Amino acid sequence: MKRLVILFGLCLGLVSLVACAHKTDPEHPFEAVAGYGYFMQYVKPVLETHCLACHRGSHPPAGLTLVQRSGLYAPRRYGRAFVVPGDPNASRLLTAVAEGGNHPGLYHGGPMLAGTELDILYEWIEDGAYWPDNPAGFLQPRVVIPRQKGLLER
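The structure reproduced in this document is the subject of the present report. Here, residues in each chain are numbered from 1, in the same order as that chain's written sequence. Per-residue local features are limited, in this predicted model, to residues with pLDDT of at least 70; the limit for side-chain atom pairs, both in listing and counting, is 80 or more; totals at the level of whole chains, interfaces and linings are taken over all residues. Excluding hydrogens and water, the side-chain figures rest on all heavy atoms present in the structure.

Overview of the overall build of the protein chain
- A helix here means a DSSP run of H or I that spans at least four residues, while a strand means a run of E at least two residues long, and both kinds are numbered starting from the N terminus. Helix and strand content of the protein chain: 5 helices and 0 strands.
- Put simply, the protein chain runs from its N terminus to its C terminus through helices and strands in the order α-α-α-α-α.
- Each residue is placed in one exposure class: buried if its accessible area under a 1.4 Å probe, protein chains only, is under 20% of its type's maximum, exposed if it is over 50%, and partly exposed if it falls in between. Residues counted as buried form 30% of the 154 residues belonging to the protein chain.
- The criterion used for residue contact is that any of the two residues' heavy atoms lie within 4.5 Å. Put simply, of all contacts in the protein chain between residues at least 6 apart along the chain, 60% involve residues at least 24 apart.
- In this description, accessible areas are obtained by the Shrake-Rupley approach with a 1.4 Å probe, and a residue is regarded as covered only by the protein chains that are shown. Element-wise, carbon and sulfur atoms account for 61% of the exposed surface of the protein chain, whose accessible area totals about 10600 Å².

Structure (structure tokens):
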């Protein structure tokens, strides 16, 4: 019985070591848990509403263009990757816009991300940061128009 417990512990340790040794490659992220539907319904609207106004064009801030998937995963000359699939805490995208982050748009009147929007990005990155590499995954700027009170609400 004691040998069985020791053997089980060794197998569990070996599995843990293999899982920890697996490095993710932004160009070929591991199989994303939250896939196409999650990206289209939750992540894409957040990126289009809050990020794409600045992060597009030929010279976007920090060299990060978010028009399509390849811009997010493009190799960087220095510093951390903008997104590390499976590791939200190592992803510059999330740490820059989180509370206490260093994103310049947050200091110059840019819209702050709501807690739920940060949770969406965190979950997306944690689950593998799936982004379709086809026209459905291309982002288009969204303009948020504040709702005015109607005549009956005044």
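Thoughts on the packing of helix 2 (residues 36-50) against helix 5 (residues 115-126)
- Axis definition: a line fitted to C-alpha atoms, over the contacting stretch in the case of helices. Angles run 0 to 180 degrees between N-to-C directions. Direction vectors running N to C along helix 2 and helix 5 enclose 125°, while the axes themselves pass 10 Å from each other. Put simply, helix 2 runs oblique to helix 5. Remark: the crossing between helix 2 and helix 5 carries left-handed chirality. Mapping the contact onto sequence places Y38, F39, Y42, V43, V46, L47 and H50 in helix 2 and E117, I120, L121, E123 and W124 in helix 5.
- Of the residues belonging to the contact of helix 2 with helix 5, the class tally is 9 nonpolar, 1 polar and 2 charged. Just so you know how the angles are binned, under 35 degrees is roughly parallel, over 145 roughly antiparallel, 65 to 115 roughly perpendicular, and the rest oblique. The crossing is said to be left-handed when, going from far helix to near helix, the turn is anticlockwise and less than a right angle, and right-handed when the turn is clockwise. Note on residue categories: nonpolar means Ala, Val, Leu, Ile, Met, Phe, Trp, Tyr, Cys or Pro, charged means Asp, Glu, Lys or Arg, and polar means any other residue, Gly included.

Regarding unusual backbone geometry
- One non-glycine residue, A62, lies in the positive phi region at around 60°.
- Using a relative accessible area of 58% as the deciding quantity, one classes A62 as exposed.
- We note that A129 has phi near 55°; this positive angle belongs to a residue other than glycine.
- When you line up the elements, A129 lands in the segment after helix 5.

Overview of helix 2
- To estimate how far a helix should reach, multiply one less than its number of residues by 1.5 Å. An ideal rise of 1.5 Å per residue puts 21 Å on 15 residues; helix 2 measures up with 20 Å between its terminal C-alpha atoms.
- We define the bend at any residue as the angle between the axes fitted to the seven residues before and including it, ending there, and the seven starting there. Of all the bends in helix 2, the greatest reaches close to 40° and is centred on V43; the proline P45 follows between one and four positions later.
- Taken together, the buried positions of helix 2 are occupied by Y38, F39, V43, K44, P45, V46, L47 and E48.

What to know about helix 5
- Spanning 12 residues, helix 5 covers 16 Å between terminal C-alpha atoms, matching the ideal 16 Å at 1.5 Å per step.
- Among all positions of helix 5, only E117, L118, I120, L121, W124 and I125 are buried. The buried residues of helix 5 occupy an angular sector of 155° when the element is viewed end-on, so they sit on one face. Exposed residues pointing more than 90 degrees away from the buried face of helix 5 are listed as T116 and D119. The arc in question is the one traced by the directions running from the helix axis out to the C-beta atoms.

A short note on the nonpolar core
- If you look at the biggest cluster of nonpolar residues, it comprises 25 residues, and the most contacted ones within it are V43, L47, L66, L72, L121, W124 and W131.
- Of all the secondary-structure elements, those providing two or more residues to this core are helix 2, helix 3 (69-73), helix 4 (92-97) and helix 5.
- In this structure L47 touches F39, L52, L66, L121, W131 and L139, once residues within four positions along its chain are discounted. Residues grouped as a nonpolar core are buried Ala, Val, Leu, Ile, Met, Phe, Trp, Tyr and Cys residues, joined through side-chain atoms within 4.5 Å.

Considerations on the packing of aromatic side chains
- The pairing test for Phe, Tyr and Trp rings, Trp by its six-membered ring, is centres within 6.5 Å, and the orientation test on the planes gives stacked under 30 degrees, edge-to-face over 60, and tilted for anything in between. In this structure the tally under the stated criterion is 4 aromatic pairs.
- Ring plane angle 45° and centroid distance 5.0 Å describe the contact between Y38 and Y42, whose orientation is recorded as tilted. Pair noted here: Y38 and Y42 are both in helix 2, with a separation of 4 residues, about one helical turn.
- Consider the rings of F39 and W124, whose centres lie 6.1 Å apart with planes at 45°: the pair is tilted. Taken together, the residues span a long stretch of sequence, with F39 in helix 2 and W124 in helix 5 at a distance of 85 residues.
- Of the residues examined, F39 reaches a relative accessible area of 0% and is grouped as buried.
- On the accessibility criterion, W124 (1% relative accessible area) is buried.
- Connected via pairs of aromatic rings, a cluster forms that spans F39, W124 and W131.

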